[in-house]
Amino acid sequence: MRSFRVALLILLLPLCGCMHAKSLDSYAYVLNIGVERGTTMPYLVTFLVSVPGDGTENTKISNRVITAEARTFSEAVNTLNAAYPSRLTFSRASLLVLHENLAETGAQTPFLDFSFGKEDLWQNLRVMVVNGSVREIFEGWLSESDPSLRKIKTAVGELTVQSGLAADVGYSEYLEGVTEQYGDPLLAYAGVNEYGLTPDSAGGSAYPYLGGSLLVESILHTSTAGSAVFDGDRMVSVLDGQHTMEVLMVKDVFRRGELLFTLPDGSPMSVTLYRMRAPKIRLNGSAAQVELYLEADPTEPQILSMDSETLRQYLEQQLSGELAAVFAALQRVGSDAMGFGRCAARAFRTAEAWEAYDWKADYQRLSVTFSVSVKLAHHPQNPGLE
Amino acid sequence: MNLRIGAFGRQEAASAVWIATFTSGCFAFDNHAQFADGNAACLTYAGAALLSLLLFEAVVAVLRRRRGRDLLRLFGNAKWKSVLALPLFFSLLLAAMQPLQLFLVTVTEYIFVEARQVSICMVLLPCLLLLTALGAETLVRTSRLLLPLLLVSVAATLLLAVSQYRTYRLFPIPLGSAKKLVAEGAGTLFRTFSPLLALLCIGEGSQNVRAMQSAGRIGALGGMLTTGLLLLGLGLSFSYVQLREMPSPFFRLLIEVRTENPTMRLDRATLFLWMSAAMLSSAFYLYAACVLLAKTCGIADIRPLAICVSALAVTLILVLYYDSDTTVAILRGLYRFAWIAAIVPIPLLLLGNRKGGGECDLSASHC
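Just so it is clear, the model here is predicted, and its values are computed rather than measured.

Colleague: Can you explain the overall build of chain B? Please cite residues and give values.
Modeller: When helices and strands are counted, chain B shows 15 helices and zero strands. Here the C-alpha radius of gyration of chain B, 20 Å, is about what a compact globule of 367 residues would show, namely 21 Å. Dimensions of chain B, computed from the C-alpha atoms along their principal axes, are close to 65 × 45 × 40 Å. When the accessible area of chain B is evaluated, it comes to approximately 13,900 Å², of which 67% is carbon and sulfur surface.

Spelled out as structure tokens, the structure:
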């Protein structure tokens with residue numbers, strides 16, 4: 001037994017875990033990854049990197065933007081690792097940004113077809129499309145007053161997502177949308193405030209940012225709201241914040257959000273809508289019926305002239321009309337962003353039959369009836385609950 | 001005789017079976033085969049689990065009638081016992097390789113991404129050797145300690161992933177082809193029955209057959225329930241097409257959780273527990289295979305056998321990486337039909353005993 005133990009100890013000796021050890025401050029943590037078209041190579045890869053200080057007071061954590069042109073993700077990482085004093089690590093990466101002109105041709109697909117595991121990347125990266133230079137976008141998120149990771153994440157992710165104006169989609173969900181027939185991807189859309197705007201595809205007069213009101217003038221110079229609509233891996237149009245909310249209502253992702261309607265006299269009316277229960281979607285051949293259940297909290301003084309029932313019916317009618325317009329716009333560009341494919345899958349009894357089925361061909365012939373049921377939380381004339 | 005079976009109670013044995021059922025259920029060698037017919041994997045798993053339990057109950061009923069304490073009692077003095085023991089031995093070896101292979105894939109894909117498989121195996125091998133050589137008592141008692149932690153980690157994983165569950169991913173529910181469901185269920189039967197087979201091999205260590213039966217029931221039902229919940233969680237989180245291509249779906253479930261709170265990032269801690277469970281269940285299977293071989297061939301000391309069999313399992317795993325695709329294809333085929341090796345000898349043994357054959361000679365070393 002003694003010789004067995006000695007042999008075991010000898011075997012364990014070369015297994016020292018401290019070999020090739022690196023101290024934590026020799027790493028640079030990539031927070032955001034951006035991809036756009038390169039000039040000499042197919043892709044320009046941009047990383048927003050957090051570099052830890054050396055522990056002294058004068059050297060705090062700093063965020064830097066670094067770029068490299070490459071043919072593959074690994075090539076970009078190797079290039080930057082060779083040129084950068086710290087070793088890049090991806091364990092804290094939380095955002096993947098695709099440039100609009102790359103997404104419009106689907107050219108990001110070969111690039112994204114890399115092994116995430118090899119770079120320790122999490123599949124829960126939030127994916128987003130931008131319409132400016134990725135470097136500008138990243139620099140726009142960096143605020144001199146608070147360059148911390150939490151501030152960036154809060155500004156980019158939580159606020160826009162919680163307001164219902166942007167689609168919060170992870171990389172895995174994006175891949176599912178690209179490769180399968182459950183519905184096309186709908187990604188958050190961002191841009192630098194001063195940059196030119198892409199018009200909304202559903203016919204609204206609004207900007208694609210911030211629910212169609214104003215471009216934000218904040219300490220952060222990049223705004224996020226609205227969505228980029230995909231047909232498979234190809235970006236085909238842009239929706240503003242309000243239309244994004246309406247798509248999310250059908251997908252049952254919407255929880256609350258403020259929508260802007262036009263009253264019969266032409267004046268605007270702002271209503272906060274809440275999800276009451278899951279929507280009902282019935283798909284029968286080439287006809288679908290969508291029923292939405294929402295609670296409305298109108299606060300505008302302009303509606304004092306309407307009684308509760310008229311206001312409720314007016315909201316239902318307006319919302320149904322907008323949903324039909326958004327669906328028509330999506331169908332025109334061939335995108336099933338509302339996810340009717342999910343209902344189509346229910347009719348199949350074998351995986352092979354579902355995989356062989358061409359849902360997109362039938363989607364082009366689909367006619368959808370939207371019916372919205374609104375319950376008023378209260379009316380300005382009667383502040384109590386109805 | 002130094003078979004190192006020792007003595008253990010119902011809780012310990014149930015824990016070992018629970019962990020082995022869980023790891024065998026979750027860590028399939030071939031994800032493509034497991035999710036070939038979409039989310040039918042959950043349904044076929046439930047069917048296979050039920051069949052395994054019925055088979056276990058049948059063996060235990062015969063053992064109780066014959067006052068035996070383990071599967072070896074059914075072999076008796078039959079001359080063909082080695083013919084029946086050999087497929088069972090190989091099925092246990094294959095069962096042990098499954099979690100080991102997943103251990104290696106997960107560690108090299110997600111943790112030590114720059115490490116070579118042979119380096120990981122150099123760490124894996126001594127641990128496995130030690131665990132297998134220490135015997136049944138050590139294995140089942142360690143399982144008893146690990147099980148609560150493992151269950152907490154599974155519950156935490158499933159709860160943290162709730163926000164990403166979508167029921168549409170379960171569709172289409174493939175109930176159309178009964179023939180395919182049966183074929184898939186047969187493949188799953190190997191994974192659900194192996195833990196019970198291992199328990200039957202080391203049953204001598206339990207207090208009596210009733211305790212072994214109870215441990216088998218509790219462990220198998222608990223493990224099957226845990227596995228079923230995890231498979232359902234996977235089905236709700238990923239489409240079956242994605243699941244087919246994932247090297248370690250359970251780890252992907254962990255790293256899919258999107259949270260800004262770093263304390264909620266439980267991936268590494270959970271992985272450590274799950275990998276410990278994988279190692280423990282591999283050792284459990286290997287030890288059971290060694291006991292089977294030692295008793296059949298009359299080998300007095302289990303340690304040399306444990307070392308050889310553990311080394312064989314790790315070597316076979318390494319061959320997968322360093323040999324051609326043919327090896328992978330062969331192993332896939334073996335796993336597909338491994339249920340024949342694990343299941344077919346059991347009815348033969350039961351039938352042999354029914355006819356009065358295979359009477360045990362109590363003076364023989366294996367009784």
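Colleague: Lay out the packing of helix H1 (residues 10-26) of chain B against helix H8 (residues 178-201) of chain B with the relevant residues and their values.
Modeller: Residue and element names in this part refer to chain B. Interaxial distance between H1 and H8 falls to 8 Å at its minimum, and their mutual angle equals 155°. When the axes of H1 and H8 are compared, the pair comes out roughly antiparallel. Here H1 runs over H8; the crossing is right-handed. Across the interface between the two elements, Ala 13, Val 17, Ala 20, Thr 21, Ser 24 and Gly 25 of H1 pack against Arg 191, Pro 195, Leu 196 and Leu 199 of H8. Class assignment of the residues belonging to the contact of H1 with H8 gives a composition of six nonpolar, three polar and one charged.

Colleague: Please give an account of the sheet that holds strand E10 (residues 256-262) of chain A that cites residues and values.
Modeller: All names here are of chain A. Strands sit in the order E10-E11-E12-E13 across an open sheet of four strands; the sheet is mixed. Edge strands, defined here as strands with exactly one partner in the open sheet, are E10 and strand E13 (367-376). The sheet shows a mean angle of 40° between the axes of neighbouring strands, direction not considered. Relative to strand E11 (residues 268-284), E10 runs antiparallel, the two sharing seven bridges.

Colleague: Talk me through the packing of aromatic side chains; I want residue IDs and the actual numbers.
Modeller: Residue and element names in this part refer to chain A. If you walk through the whole model with that rule in mind, you get 21 aromatic pairs over all chains. Counting every residue linked through ring pairs, the aromatic cluster contains Tyr 43, Phe 47, Phe 73, Phe 90 and Phe 111. The ring of Tyr 293 carries Arg 277 above its face, with NZ or CZ at 3.9 Å from the centroid.

Colleague: How would you explain the environment of Arg 64 of chain A if you had to name every residue and give the values?
Modeller: Residues and elements named next belong to chain A. Inspection of the secondary structure assignment puts Arg 64 in strand E3 (residues 62-70). Sequence-wise, Arg 64 and Leu 283 are 219 residues apart; in three dimensions their C-alpha atoms are separated by 50 Å. Dropping the residues within four chain positions of it, Arg 64 is found in contact with Phe 47, Leu 48, Val 49, Val 51 and Tyr 84. Reaching out from Arg 64, the side chain makes a polar contact with the side chain of Tyr 84 at a distance of 3.3 Å.

Colleague: So what's going on with the packing of helix H5 (residues 81-111) of chain B against helix H13 (residues 302-322) of chain B? Residues and values would help.
Modeller: The relative placement of two packed helices comes down to the angle between their axes together with the axis-to-axis distance. Residue and element names in this part refer to chain B. Two numbers describe how H5 lies on H13: the axes approach to 9 Å, and their chain directions differ by 55°. In terms of axis orientation, H5 runs oblique to H13. By crossing handedness, the relation of H5 to H13 is classed as right-handed. Of H13, the residues touching H5 (which contributes Phe 89, Leu 93, Met 97, Leu 100, Gln 101, Leu 104 and Val 105) are Val 309, Leu 312, Ala 313, Val 314, Leu 316, Ile 317, Leu 320 and Tyr 321.

Colleague: How would you sum up the nonpolar core? Please name residues and give values.
Modeller: Residue and element names in this part refer to chain B. With 126 residues, the main nonpolar core has Leu 71, Phe 75, Leu 92, Leu 230, Phe 250, Leu 292 and Ile 346 as its most contacted residues. When residues of this core are assigned to their parent elements, the largest contribution, 20 residues, is made by helix H12 (residues 267-297). Contact partners of Leu 292, with chain neighbours within four places excluded, come to Leu 72, Phe 75, Ala 85, Leu 88, Phe 89, Leu 92 and Cys 201.

Colleague: Requested: an account of the confidence of the model for chain A, with residues and values cited.
Modeller: When pLDDT is averaged along chain A, the result is 78, and 70% of the positions lie at 70 or above. Counting contacts from residues 205-220 of chain A, a segment whose pLDDT is below 50, to residues more than four positions away or on other chains yields 45 contacts.

Colleague: Before we move on, can you summarise empty space enclosed by the protein with the specific residues and values?
Modeller: The gaps of empty space that remain are located by a probe, the size of a water molecule, rolled over the atoms. Residues and elements named next belong to chain A. With the rule as written, the count across this model stands at six cavities of 30 Å³ or more. In terms of lining residues, the largest cavity is bounded by 13 residues, among which Glu 173, Gly 183, Asp 184, Lys 251 and Arg 342 are the most central. Counting residues per element, the lining of the largest cavity draws most heavily on helix H7 (residues 171-179), which supplies four residues. Residues that form the lining of the largest cavity fall into these classes: six nonpolar, two polar and five charged.

Colleague: Provide a residue-level description of the pattern of salt bridges, including the pertinent values.
Modeller: All names here are of chain A. Under the defined criterion, the tally for this structure stands at 20 salt bridges over all chains. Ionic pairing is found between Arg 234 and Asp 231, a salt bridge with its closest N-O pair at 3.7 Å. Classification of Arg 234 by relative accessible area gives partly exposed; the value is 36%. Here Asp 231 falls in the partly exposed class, since its relative accessible area comes to 22%. Taken together, the salt bridges that share partners define one network made up of Asp 184, Asp 231, Arg 234 and Lys 360.

Colleague: Please give an account of unusual backbone geometry that cites residues and values.
Modeller: Residue and element names in this part refer to chain B. Cis rather than trans, the peptide bond between Phe 171 and Pro 172 has omega equal to -5°. Within the secondary structure, Pro 172 sits in the loop between helix H7 (136-160) and H8. We note that Arg 4 has phi near 55°; this positive angle belongs to a residue other than glycine. Even without a glycine there, the phi angle at Arg 67 is positive, about 55°. As for its placement among the helices and strands, Arg 67 is situated in the loop between helix H3 (40-66) and helix H4 (72-75).

Colleague: Can you explain the pairing of strand E6 (residues 126-130) of chain A? Please cite residues and give values.
Modeller: All names here are of chain A. Counting buried positions over the five residues of E6 gives five, a clear majority of the element. Residues Arg 126, Met 128 and Val 130 of E6 are buried on one face, and the alternating residues Val 127 and Val 129, pointing to the opposite face, are buried as well. Summarising the sheet, strand E5 (residues 95-99) and E6 pair through five bridges and their orientation is parallel. Each bridged residue has a counterpart across the sheet, and for Leu 95 the counterpart in E6 is Arg 126.

Colleague: Break down a nonpolar patch on the surface for me, with residues and values.
Modeller: All names here are of chain B. The grouping of Phe 337, Ile 340, Val 344 and Leu 348 at the surface amounts to a nonpolar patch, some 340 Å² of accessible area in total. One can find Phe 337 in helix H14 (residues 325-343). Residue class for Phe 337 comes out partly exposed when judged on its relative accessible area of 46%.

What counts and how
Residues numbered from 1 in each chain as written. Chains lettered and ligands numbered in written order. Predicted model: local features only at pLDDT ≥ 70, side-chain atom pairs only at ≥ 80, totals over all residues. Heavy atoms only, no water. Helix = DSSP H or I, 4+ residues; strand = E, 2+ residues; numbered from the N terminus. Rg over C-alpha atoms; globule rule 2.2 N^0.38 Å. Areas by Shrake-Rupley, 256 points an atom, 1.4 Å probe, with all protein chains shown as cover. Axes fitted to C-alpha atoms, helices over the stretch in contact; angles between N-to-C directions. Parallel < 35°, antiparallel > 145°, perpendicular 65-115°, else oblique. Left-handed = near helix turned anticlockwise from the far one by under 90°. Contact = heavy atoms within 4.5 Å. Nonpolar A, V, L, I, M, F, W, Y, C, P; charged D, E, K, R; others polar. Pairing = 2+ DSSP bridges. Phe/Tyr/Trp six-rings, centres within 6.5 Å; stacked < 30°, edge-to-face > 60°. Lys NZ or Arg CZ within 6 Å of the ring centre and 35° of its normal. Polar contact = N/O pair within 3.5 Å; in protein donor to acceptor, adjacent residues only side chain to side chain. Core = buried A, V, L, I, M, F, W, Y, C linked by side-chain atoms within 4.5 Å. Buried < 20%, exposed > 50% of the residue type's maximum accessible area, 1.4 Å probe, protein only. pLDDT = per-residue confidence, 0-100. 1 Å grid on protein atoms, 1.4 Å probe; cavity = no way out; pocket = protein on both sides within 12 Å on 5 of 7 lines; lining within 4 Å. Points joined across faces, edges and corners; volume = space filled by probe spheres on them. Salt bridge = Lys/Arg side-chain N within 4 Å of Asp/Glu carboxyl O. Patch = residues over 30% accessible without salt bridge, like charges linked within 9 Å, V, L, I, M, F, W, Y side chains within 5 Å.

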